[in-house]
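Examination of the molecular architecture
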Amino acid sequence: MTEDLIVGEDGLARPRWAASNGMLRAYYDAEWGMPITSEAGLFERLSLECFQSGLSWAIILSKREAFRQAFEYFDPEKVALFTEDDFNRLMEDAGIVRNRLKIRATIANAEATLMLREEGGLSDFIWSFKPEQTPAPRTFSEIPTQSPESKELAKALKKRGFKFVGPTTMYALMEAIGMVDTHLIGSHRRGTSGIWA
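A brief look at the structure comes next.

Examining the environment of V165
Along the chain, the position of V165 falls in the loop between helix 9 (148–159) and helix 10 (167–176). Separated by 12 residues in sequence, V165 and L153 have C-alpha atoms that sit 8.5 Å apart. Residue contacts for V165: discarding those within four places in its chain leaves L46, A154, L157, K158 and M170.

Written as structure tokens, this is what we have:
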């Protein structure tokens, strides 16, 4: 057991970030690193990772319900139709992160998501970048922040009109949806995605 893992009162080992409060613990225990394959689910994660860039995940998670309401529960068909009035409404919504570029990017990404349907859809596209193997980190310092696959995914998405999808942001997405398993060895969640033995 490393100092990066904390054993909770329930006897389960979690990384330090997931042991700091109940909201993060619940997210870590039930959701983070579990496979997501639906278009709306992936569009939501892609959007939230975009908004998280430069901020803490705790901030984004605490505003998640407000984000869902503001962005029509991340239905790309609805978000793609957002007008300048919608943009202005979002810029005045104190419940979300009011970043002009990230809001514009999310609307553009909804449009790009619809265009990707011609190539099999967002899910098939993103999951086609799944690596041959996953890291097996024992400490935080062993967790990569990007990979050859996240660089390729970022490049391919940008080519198709997506914005705010750099290689580090895409690696965070890959972790969040279980495409790589970066649960620390010793964590009670290691290997729970069903994707990696």
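Description of the pattern of salt bridges
For the structure shown, the criterion picks out 14 salt bridges. Note that E39 is salt-bridged to R117, the shortest N-O span being 2.7 Å. Taken as a pair, E39 in helix 2 (residues 39–52) and R117 in the loop between helix 7 (100–116) and helix 8 (122–127) lie far apart in primary sequence, 78 residues in all. With a relative accessible area of 21%, E39 lands in the partly exposed category. Given the relative accessible area of 38%, R117 is considered partly exposed. One salt bridge connects R190 with D181, and the closest N-O pair in it is separated by 3.5 Å. The exposure class of R190 is partly exposed, given its relative accessible area of 25%. If you follow the salt bridges from partner to partner, you end up with E31, E44, R45, R64, E65 and R68 in one network.

Examining the nonpolar core
Ranked by size, the top nonpolar core spans 49 residues in total, and within it F67, F71 and L157 carry the most contacts. Ignoring anything within four residues of it in the chain, the contact list for F67 reads L48, F51, I60, F74, I96 and V97.

Looking at the environment of V7
Locating V7 in the fold gives a position in strand 1 (residues 5–7). Taking relative accessible area as the criterion, V7 reaches 48% and is therefore assigned partly exposed. With 12 residues separating them in the primary sequence, V7 and A19 have C-alpha atoms 8.3 Å apart.

A short note on the environment of R100
Inspection of the secondary structure puts R100 in helix 7. Along the backbone, R100 and N88 are 12 residues apart, and their C-alpha atoms lie at a distance of 9.4 Å. Dropping the residues within four chain positions of it, R100 is found in contact with F87 and M91.

Brief notes about unusual backbone geometry
For Y73, which is not a glycine, the phi torsion comes out positive at approximately 55 degrees. One can find Y73 in the loop between helix 4 (64–70) and helix 5 (76–79).

A short note on the side chain of K102
Along the chain, K102 turns up in helix 7. No salt bridge is formed by the buried K102; its nearest oppositely charged neighbour, E49, is found at 10 Å. A distance of 3.0 Å separates a polar atom in the side chain of K102 from the backbone oxygen of F51.

Regarding the packing of helix 2 against helix 7
Orientation of helix 2 relative to helix 7, taken along the N-to-C sense of each, is 155 degrees, at an axis distance of 10 Å. In terms of orientation, helix 2 lies roughly antiparallel with respect to helix 7. Handedness of the crossing formed by helix 2 with helix 7: right-handed. Between helix 2, through E39, F43, L46, S47, C50, F51 and Q52, and helix 7, the contact on the second element is made entirely by K102, I103, A105, T106, N109, A110 and T113. Within the contact of helix 2 with helix 7, the residues separate by chemical class into seven nonpolar, five polar and two charged.

Quick notes on the rules
- Residues numbered from 1 in each chain as written.
- Predicted model: local features only at pLDDT ≥ 70, side-chain atom pairs only at ≥ 80, totals over all residues.
- Heavy atoms only, no water.
- Helix = DSSP H or I, 4+ residues; strand = E, 2+ residues; numbered from the N terminus.
- Contact = heavy atoms within 4.5 Å.
- Salt bridge = Lys/Arg side-chain N within 4 Å of Asp/Glu carboxyl O.
- Buried < 20%, exposed > 50% of the residue type's maximum accessible area, 1.4 Å probe, protein only.
- Core = buried A, V, L, I, M, F, W, Y, C linked by side-chain atoms within 4.5 Å.
- Lys, Arg positive; Asp, Glu negative; His and termini not counted.
- Polar contact = N/O pair within 3.5 Å; in protein donor to acceptor, adjacent residues only side chain to side chain.
- Axes fitted to C-alpha atoms, helices over the stretch in contact; angles between N-to-C directions.
- Parallel < 35°, antiparallel > 145°, perpendicular 65-115°, else oblique.
- Left-handed = near helix turned anticlockwise from the far one by under 90°.
- Nonpolar A, V, L, I, M, F, W, Y, C, P; charged D, E, K, R; others polar.

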